[in-house]
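Examining the three-dimensional arrangement
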Amino acid sequence: MLKTFHVSTNQHDQMIDVTSQVENWIREQGIEEGVIVVSSMHTTAGLTVNENADPDVKTDMLRRFREVYPWDHPEDRHAEGNTASHMKTSTIGHAQTLIVDDGRLVLGTWQGLYFCEFDGPRERKFVAKLL
């Protein structure tokens, strides 16, 4: 079972909690146990698991990424001018592999699955495969 999810981003960089979307699809499939792999279909957007209780974590992470990978660097040669977004995606990763138990993602108390936009706003997609 392969599912394509669509995400509309509205900022240059943002983290969107997609945990409930993925869990709803798992329930729709009637899967109780297994593994799910989620993968971004883009080189400038990734997926990560991180805290979903305090929104300041997302704010701080995005700010720190901007500090480490500034948008304008005089030595960047990529013609599109978005080398920073490629660097952020390579750091965060394009995919996550998660355990499914009792029809839900196995995540810690404060964890959620985030789609991370680094070159928006755009229409994006990620895929999920249940195993």
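Throughout what follows, the structure given in this document is the object of discussion. Sequence order as written defines residue numbering, which begins from 1 separately in each chain. Whole-chain, interface and lining totals are the exception, using all residues; otherwise, since this is a predicted model, local features are given only for residues with pLDDT of at least 70 and side-chain atom pairs are given and counted only at 80 or more. To get the side-chain values, take all heavy atoms of the structure and skip hydrogens and water.

Some points on the sheet that holds strand 8 (residues 123-130)
Two strands qualify as a pair provided that DSSP identifies no fewer than 2 bridges between them. Helix numbering and strand numbering both begin at the N terminus, where a helix is a DSSP run of H or I of at least 4 residues and a strand a DSSP run of E of at least 2. Spatial ordering of the open sheet is given by 1-8-3-5-6, a layout of 5 strands whose pairing is antiparallel. Both edges of this open sheet fall to strand 1 (2-8) and strand 6 (104-105), since each of them pairs with a single strand only. With 7 bridges connecting them, strand 3 (residues 33-40) and strand 5 (residues 95-101) associate as antiparallel partners. Bridge pairing in strand 5 places Gly-34 opposite Val-100.

What about unusual backbone geometry?
Following Gly-120, the chain continues to Pro-121 via a peptide bond in cis, the omega torsion being 0°. Positionally, Pro-121 belongs in the loop between strand 7 (111-117) and strand 8.

Comments concerning the packing of aromatic side chains
Pairing of aromatic rings covers Phe, Tyr and Trp, the last counted by its six-membered ring, and requires centre-to-centre distances within 6.5 Å; plane angles under 30 degrees mean stacked, over 60 mean edge-to-face, and any other angle means tilted. In total, this model carries 4 aromatic pairs according to the counting rule given. Pairing Phe-5 with Trp-25 gives two aromatic rings, centres 6.1 Å apart and planes at 90°, and the pair type is edge-to-face. With Phe-5 in strand 1 and Trp-25 in helix 1 (residues 19-29), this pair connects stretches of sequence that are 20 residues apart. Classification of Trp-25 as buried rests on a relative accessible area of 6%. Ring geometry for Phe-5 against Phe-126: centres 4.8 Å apart, planes inclined by 10°, an arrangement best described as stacked. Of this pair, Phe-5 sits in strand 1 while Phe-126 sits in strand 8, and the two are 121 residues apart along the sequence. As far as the burial class goes, Phe-5 and Phe-126 line up, both buried. These aromatic residues form a ring-pair network of at least three members: Phe-5, Trp-25, Phe-115 and Phe-126. Both a distance and an angle decide whether a charge sits over a ring: NZ of Lys or CZ of Arg must be within 6 Å of the ring centre and within 35 degrees of the ring normal. The ring of Phe-5 has Lys-3 lying over it, and the distance from NZ or CZ to the ring centre is 5.5 Å. Using a 1.4 Å probe on the protein chains alone, a residue whose accessible area is under 20% of its type maximum counts as buried, one over 50% counts as exposed, and one in between counts as partly exposed.

Here's the deal with the pattern of salt bridges
When a carboxyl oxygen of Asp or Glu is within 4 Å of a side-chain nitrogen of Lys or Arg, the pair counts as a salt bridge. Evaluation of the coordinates by the stated rule reveals 7 salt bridges. Notably, a salt bridge pairs Arg-64 with Glu-67, separated by 3.7 Å at the nearest N-O pair. Of this pair, Arg-64 and Glu-67 both sit in helix 2 (residues 55-68), 3 residues apart, which is roughly one turn of the helix. If you follow the salt bridges from partner to partner, you end up with Asp-60, Arg-63, Arg-64 and Glu-67 in one network.

Quick notes on a negative patch on the surface
A cluster of acidic residues, Glu-32, Glu-33, Asp-101 and Asp-102, forms a negative patch on the protein surface. Tracing the chain through its elements places Glu-33 in strand 3. The class for Glu-33 is exposed, based on a relative accessible area of 60%. Patch criteria: residues need more than 30% relative accessible area and no salt bridge. Like-charged residues are merged within 9 Å; nonpolar side chains of Val, Leu, Ile, Met, Phe, Trp and Tyr are merged within 5 Å. Surface exposure here means Shrake-Rupley accessible area, sampled with a 1.4 Å probe, where a residue is shielded only by the protein chains that are shown. Charged residues are defined narrowly, with Lys and Arg counted positive, Asp and Glu counted negative, and His plus the chain ends left uncounted. Where a charge lies is defined by one atom per residue type, namely NZ (Lys), CZ (Arg), CG (Asp) and CD (Glu).

Looking at the nonpolar core
Here the nonpolar core consists of buried residues drawn from Ala, Val, Leu, Ile, Met, Phe, Trp, Tyr and Cys, with membership extended through side-chain atoms lying within 4.5 Å. Counting 21 residues, the largest nonpolar core has Val-18, Val-22, Ile-26, Ile-36, Leu-113 and Phe-126 as its most contacted members. Taken together, the elements giving at least two residues each to this core come down to strand 1, helix 1, strand 3, strand 4 (45-51), strand 5, strand 7 and strand 8. In this description, contact between two residues means that some pair of their heavy atoms is separated by no more than 4.5 Å. With near-sequence residues (within four places) excluded, Leu-113 lies in contact with Ile-16, Asp-17, Val-18, Thr-19, Val-22, Val-38, Leu-47, Thr-48, Val-49, Gln-96 and Leu-98. Within the second largest apolar cluster, 11 residues are counted, among which are Met-61, Ala-84, Tyr-114 and Cys-116.

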